[in-house]
Protein chains: 2
Amino acid sequence: MSGITSESHIWTPEKGLQSGGYISEGVISPPRQVKAAHDHVYDVVVIGAGYAGLIAARDLVNAGRSVLVVEGRDRIGGRTYTIKHEGFNYEMGGTWVHHTQPYTYRELMRYDLHTKLIKTRDDTQANNYFSINVPGSKRDISNELSSEIIGKVWKLFVDIDGQEGRTVCPLPHAQLENPFINRKDVEKWDSISCWDRFEAIKGQLNTEEQGVLKALLLSITGGKPDLKNSGFWDMIRSHAINGHTYDMMDPIWLLYKLRDGQSHFARLMFEEAVELGLEYTFRTHVEAIKQVNEGLNLVRTRDGRVFRGRKIICTAPLNTLNSIQFDPPLSRLRQEAANQGHINFMTKAHAVVKGSGYASWNGLAYPNELSAAYGDGLLPNGDTHLVSFGADYRDEFVLEEQPERLVAAFKKFAPFDVKSVVFHNWNTDPYTQGGPNFMPPNFTTKYMDALQKRQGNFFFANADWANAWRNFIDGALEQGALNANRVIAELRREDKEAQPSRPSL
Amino acid sequence: MSGITSESHIWTPEKGLQSGGYISEGVISPPRQVKAAHDHVYDVVVIGAGYAGLIAARDLVNAGRSVLVVEGRDRIGGRTYTIKHEGFNYEMGGTWVHHTQPYTYRELMRYDLHTKLIKTRDDTQANNYFSINVPGSKRDISNELSSEIIGKVWKLFVDIDGQEGRTVCPLPHAQLENPFINRKDVEKWDSISCWDRFEAIKGQLNTEEQGVLKALLLSITGGKPDLKNSGFWDMIRSHAINGHTYDMMDPIWLLYKLRDGQSHFARLMFEEAVELGLEYTFRTHVEAIKQVNEGLNLVRTRDGRVFRGRKIICTAPLNTLNSIQFDPPLSRLRQEAANQGHINFMTKAHAVVKGSGYASWNGLAYPNELSAAYGDGLLPNGDTHLVSFGADYRDEFVLEEQPERLVAAFKKFAPFDVKSVVFHNWNTDPYTQGGPNFMPPNFTTKYMDALQKRQGNFFFANADWANAWRNFIDGALEQGALNANRVIAELRREDKEAQPSRPSL
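Residues numbered from 1 in each chain as written. Chains lettered and ligands numbered in written order. Predicted model: local features only at pLDDT ≥ 70, side-chain atom pairs only at ≥ 80, totals over all residues. Heavy atoms only, no water.

1. A word on the interface of chain B and chain A
Taken together, the contact between chain B and chain A spans 46 residues of the former and 46 residues of the latter. Counting each side, the surface lost to burial between chain B and chain A is near 3800 Å², with a carbon and sulfur contribution of 58%. Inspection of the chain B/chain A interface yields two salt bridges. Note that glutamate 107 of chain B and arginine 106 of chain A form a salt bridge whose closest N and O atoms lie 2.9 Å from each other. (Contact = heavy atoms within 4.5 Å. Buried area = accessible area lost by both parts, 1.4 Å probe. Salt bridge = Lys/Arg side-chain N within 4 Å of Asp/Glu carboxyl O.)

Next comes the structure, spelled out in structure tokens:
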């Protein structure tokens, strides 16, 4: 059940850059299954087949609704997909899962995938250490020492109340509204940038610690290297949702992957929905969504088709909302948020390096196009897979044009023999126009509520404005599931109200 | 939407013991809504309206199935319910929730309850300290010091591999089957009791620490005071699911409650199901369940009624399985497990003590009928609510017969002026016959798989054999949801297969 995707790039010294043509279980082929007549009014048209769209569609067909999914890509999964190359599963986007993530874990258990995990961390290989390359310090240290250093700088960075954020963000799933907080406090912390916070605490750090913290932060935010457009609130929120303890950061963020890949998980969800009657059209670019009246909305595609739905669930990410023409237009606040956009324009890049030693290795580098890198498994031939995250370097280069620059960036960490570099450029991807959401200052308190709101019969479901795991797979599942629930309840109510007025047979 | 329950006991010095007659949102009145003809074959008959039964019923009616819930009590919620008395919500059973619990949190967000939480911990009152009363030590210490002591003894107790269990139980949701473990290791640790483990490490503890550890353990297991019938594995599993870190123990186990009570949460789930056609009969004791053929099962009640279902989801707890006559009989292993039963026969008791000071107080005592107690909010009149957990003292007294003994047990912690004691005796309750599951040695590895298995058209869903949060509300929701999924898929398959053979109209 795999197909060939047009996405992903692989660069090797021998062949240069090869774009697309890789095997992924996420590819849906043939790309269309539209059985209804062209003027059929679906109960729901779902725009996008990422996790938000998939779970929404699946829950809707489970509730007996007629649903059409319209997706621009040739595959499901959105910002999450797996390509299989040389016997290895490359997670091109969202990767790690943890049992603290409620929607993810419930789904994994539903599909019996919670037993089928693999680990990124592997302590058994030769180069079992941590490399630091920051101004004033280039050295290899033990993992224990790196945990100590990172734990110290991270805690200092996020500990705004002497209780690691417990007073300011006690309930990260309800960060803006709960009985224990004063919204003014949230607004205060939301108003500053990671740069502001860094400046406020840097006096307590030595030079190496400052470099380590900057590299760490940039690997999280994907913002500009000066940290000025990265909001501080998302760091507080992240620490809170990790349990207000650094101990949980690595296990949650970087440890467990799906053995058979994210695309396999997404595929199981998709197949369940298809079996229950889901219709779909992939490689179909949505141009416009129009609400005609209470019971009818039109979705117009670039190839001139029009689909009809009683409700629309739009799962387009924040940075792409302006690519769709909405009628009636987006609310003022949502439009402002879409215009500003989030600031995560990160690079996620994989490298294959010769030999198995580096599978146990990790490192941080600053300044560098790649900020953090991790050994992440072995290929069947015994070479090591590395995964790496970098900040927003769009001003300096475009990945597809200068992939060699990624090789150089990897080599800043350690003297790797790089055999290939694998990546998806999420920033030039028209269906994402950026990575997972990281908010600029003031964004959360100003726009979160508005982004979650429905507008008439348009529902907006995307991880970018999830309550809880905002830049995680879980956030996508959350928004998809919550919006599907709303739509299911509303359609039922409408059907019930419509019944008495029907002529009896 | 409240009613009067026949459950709960309140003792006061003035009035003695008053049993039942308390207000609970969990009470369903009138107790029956059975619309179908007496020989109607429901798609599913669900036995029990605890969280497992509620979520199963709700998911089934959401999938368009006809469902009847049969419940012995006058209320929903099973081992979890709230009574409102003198303006205070007493959680008589399951209480705390945390965002690491996937099913719970997904449901809370569905019903918009994740913002409506309150905290047990309150640092603002006068007696903001921790009382220890164990052999050789009776003193009041700071909360910081108590955390240090408890953290030390707990970590020593569960740290079997120098990595706090990360190698033996890396994936607590898949504890018996995952790529990182050797089942033999699990069997080894499952074979010993908490007493065995205590004996192995007690040399590293001073007298006070030994007493503190015993009190702590007994407040968790609800087993015999000598700890010999409490299995050690459930402790490893508990530490693992808390993230392998003591930091998360209090926040997960004892911090966040639902502002409007568990019965309110359960009620929202129930009302959703009723709106979608759920039928129900409360105060209805199930005597026997019989599979007649592939498509027909009978449920016989004590009052002589018979209900018919294509599938049966039985949510009876482990210790009550022998109260129902199954035909065909329970599998050999399930029957063995039911005969042995779990060992949690704890006391959960509430006290109201004069004044507000103790709302910030906590304590441990050993030996004592109550092992741990916590300040847990103020009544409208300013008095303090305490909640307390004790081990299996059934050999010595029955709560309803000697409630004064609870008063004495509370006073072992601190010189409280006890105005009332509030409790539900889960051990004499015919529908639980014990508290939440705590396994004896060897139980998990021997019986867990068998307990989760279906038998023909009987499905068994109870927190007692949940994959993950076994003795939590989340475990009930997990088993209810997973079994509902299975049943929904199977009914669909059967309906599909049946279709072609139907005569065309």
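Continuing now.
2. Concerning the nonpolar core
Counting 334 residues, the largest nonpolar core has Phe157 of chain A together with Phe157 of chain B as its most contacted members. Not counting residues up to four positions away in its chain, the partners in contact with phenylalanine 157 of chain A are Cys194, Arg197, Phe198, Ile201, Leu213, Leu217, Phe232 and Met235 of chain A. (Core = buried A, V, L, I, M, F, W, Y, C linked by side-chain atoms within 4.5 Å. Buried < 20%, exposed > 50% of the residue type's maximum accessible area, 1.4 Å probe, protein only.)

3. A closer look at the relation of the copies chain B and chain A
By a simple turn and slide, chain B fits onto chain A: the slide is 0.0 Å along the axis, the RMSD is 0.0 Å, and the turn is 180 degrees. On the angle and the small slide along the axis, the relation comes out as a two-fold axis. When each C-alpha of chain B is compared by its distance to the rotation axis, proline 102 of chain B comes out closest, at 1.7 Å. Same-surface contact between copies: 100% of interface residues of chain B are shared with the interface of chain A. (Least-squares fit on C-alpha atoms with pLDDT ≥ 70 in both.)

4. Some thoughts on the sheet that holds strand β20 (residues 362-365) of chain B
Sheet strands line up and pair through hydrogen bonds in the backbone, either parallel or antiparallel. All names here are of chain B. The strand order β3-β2-β23-β19-β22-β21-β20-β11-β12 describes an open sheet built from nine strands, whose pairing is mixed. The open sheet has two free edges, formed respectively by β3 (16-19) and β12 (137-141), since each of these has just one partner strand. Taking the axes of each pair of neighbouring strands and ignoring which way they run, one obtains an average angle of 20 degrees across the sheet. Summarising the sheet, strand β11 (residues 130-134) and β20 pair through four bridges and their orientation is parallel. From the neighbouring strand, isoleucine 132 faces β20, where its bridge partner is leucine 364. Helix-sheet contacts for helix α3 (residues 143-158) involve β11, β12 and β20, and the interaxial angle to β12 is about 125 degrees. Against the sheet, helix α11 (residues 404-411) engages β2 (9-12), β19 (347-353), β22 (384-390) and β23 (418-423), with an angle of about 115 degrees to β23. (Pairing = 2+ DSSP bridges. Helix = DSSP H or I, 4+ residues; strand = E, 2+ residues; numbered from the N terminus. Axes fitted to C-alpha atoms, helices over the stretch in contact; angles between N-to-C directions.)

5. Structural notes on the domain arrangement of chain A
All names here are of chain A. Here the domain parsing of chain A yields domain 1 (3-81 + 262-331 + 453-498) and domain 2 (121-254 + 341-432). Counting across the domain 1 and domain 2 interface gives two salt bridges. Where arginine 470 meets aspartate 234, a salt bridge forms, and the shortest distance between an N and an O atom there is 2.6 Å. Between the two partners, domain 1 and domain 2, sit ten residue pairs in polar contact (both at pLDDT 80 or more). Counting residues per element, the side of domain 1 that touches domain 2 draws most heavily on strand β2 (residues 9-12), at four residues. (Domains from an automatic or database assignment. Polar contact = N/O pair within 3.5 Å; in protein donor to acceptor, adjacent residues only side chain to side chain.)

6. Some details on the side chain of threonine 104 of chain B
Residue and element names in this part refer to chain B. Its place among the elements puts threonine 104 in helix α2 (residues 102-110). The exposure class of threonine 104 is buried, given its relative accessible area of 1%. Sequence-distant contacts of threonine 104, defined by excluding residues within four places in its chain, comprise Val97, Phe265, Ile473, Asp474 and Leu477.

7. Some remarks on the pattern of salt bridges
What the rule picks out here adds up to 86 salt bridges over all chains. One salt bridge in this structure joins lysine 116 of chain B and aspartate 112 of chain B, with 3.4 Å as the shortest N-O distance. On the basis of relative accessibility, which here comes to 23%, the residue lysine 116 of chain B falls in the partly exposed class. With a relative accessible area of 38%, aspartate 112 of chain B lands in the partly exposed category. Two residues, glutamate 490 of chain B and arginine 493 of chain B, come together in a salt bridge whose shortest N-O distance is 3.8 Å. Here glutamate 490 of chain B and its partner arginine 493 of chain B are both found in helix α13 (residues 473-498), three residues apart, which amounts to about one turn of the helix. In the salt-bridge network here, residues are joined through shared partners; they are Asp43, Arg65, Arg310, Lys311, Arg454, Glu490, Arg493, Glu494 and Asp495 of chain A.

8. As for the sheet that holds strand β19 (residues 347-353) of chain A
Residues and elements named next belong to chain A. Within the open sheet, the nine strands sit side by side as β3-β2-β23-β19-β22-β21-β20-β11-β12. Their pairing is mixed. Of all the strands in the sheet, just β3 (16-19) and β12 (137-141) have a single pairing partner and so form its edges. The mean inter-strand angle of the sheet, taken between neighbouring strand axes irrespective of direction, is 20 degrees. As judged from the five bridges shared by strand β11 (residues 130-134) and β12, these two strands associate in the antiparallel manner. Each residue of the ladder has a partner; that of isoleucine 132, found in β12, is arginine 139.

9. Description of the pairing of strand β23 (residues 418-423) of chain A
Residue and element names in this part refer to chain A. With five of six residues buried, β23 is to be regarded as a mostly interior element. Note: β2 against β23, three bridges, orientation antiparallel. The partner of histidine 9 across the bridge, within β23, is phenylalanine 423. Pairing between β19 and β23: five bridges, direction antiparallel.

10. A closer look at the packing of aromatic side chains
This model, assessed by the stated rule, comprises 44 aromatic pairs over all chains. Measuring from centroid to centroid gives 5.0 Å for tryptophan 469 of chain B and phenylalanine 472 of chain B, while their planes differ by 80 degrees, and the two rings are edge-to-face. Above the face of the tyrosine 81 of chain A ring, arginine 75 of chain A is positioned so that its terminal group lies 3.7 Å from the ring centre. The aromatic ring of phenylalanine 345 of chain B is capped on one face by arginine 394 of chain B, whose charged end is 3.5 Å from the ring centroid. (Phe/Tyr/Trp six-rings, centres within 6.5 Å; stacked < 30°, edge-to-face > 60°. Lys NZ or Arg CZ within 6 Å of the ring centre and 35° of its normal.)

11. Focus on the environment of serine 360 of chain A
Residues and elements named next belong to chain A. Among the secondary structure elements, serine 360 is positioned in the loop between β19 and β20 (362-365). Accessibility expressed as a relative area gives 0% for serine 360, which makes it buried. Between the alpha carbons of serine 360 and alanine 338 there is a distance of 41 Å; along the sequence they are 22 residues apart. Beyond its immediate stretch of four places on either side in the chain, serine 360 contacts Arg121, Asp122, Asp123, Thr124, Gln125, Asn127, Asn128, Tyr129 and Asn143.

12. Thoughts on unusual backbone geometry
A cis geometry characterises the amide bond from aspartate 327 of chain A onward to proline 328 of chain A, with omega recorded as 0 degrees. Looking at where proline 328 of chain A falls in the secondary structure, it is placed in the loop between β18 (325-327) and α10 (332-340). That bond from serine 29 of chain B to proline 30 of chain B is cis: its omega, -5 degrees, falls within 30 degrees of zero. Within the secondary structure layout, proline 30 of chain B lies in the loop between β4 (22-24) and β5 (32-33). For serine 8 of chain A, which is not glycine, the phi dihedral falls at a positive 80 degrees.

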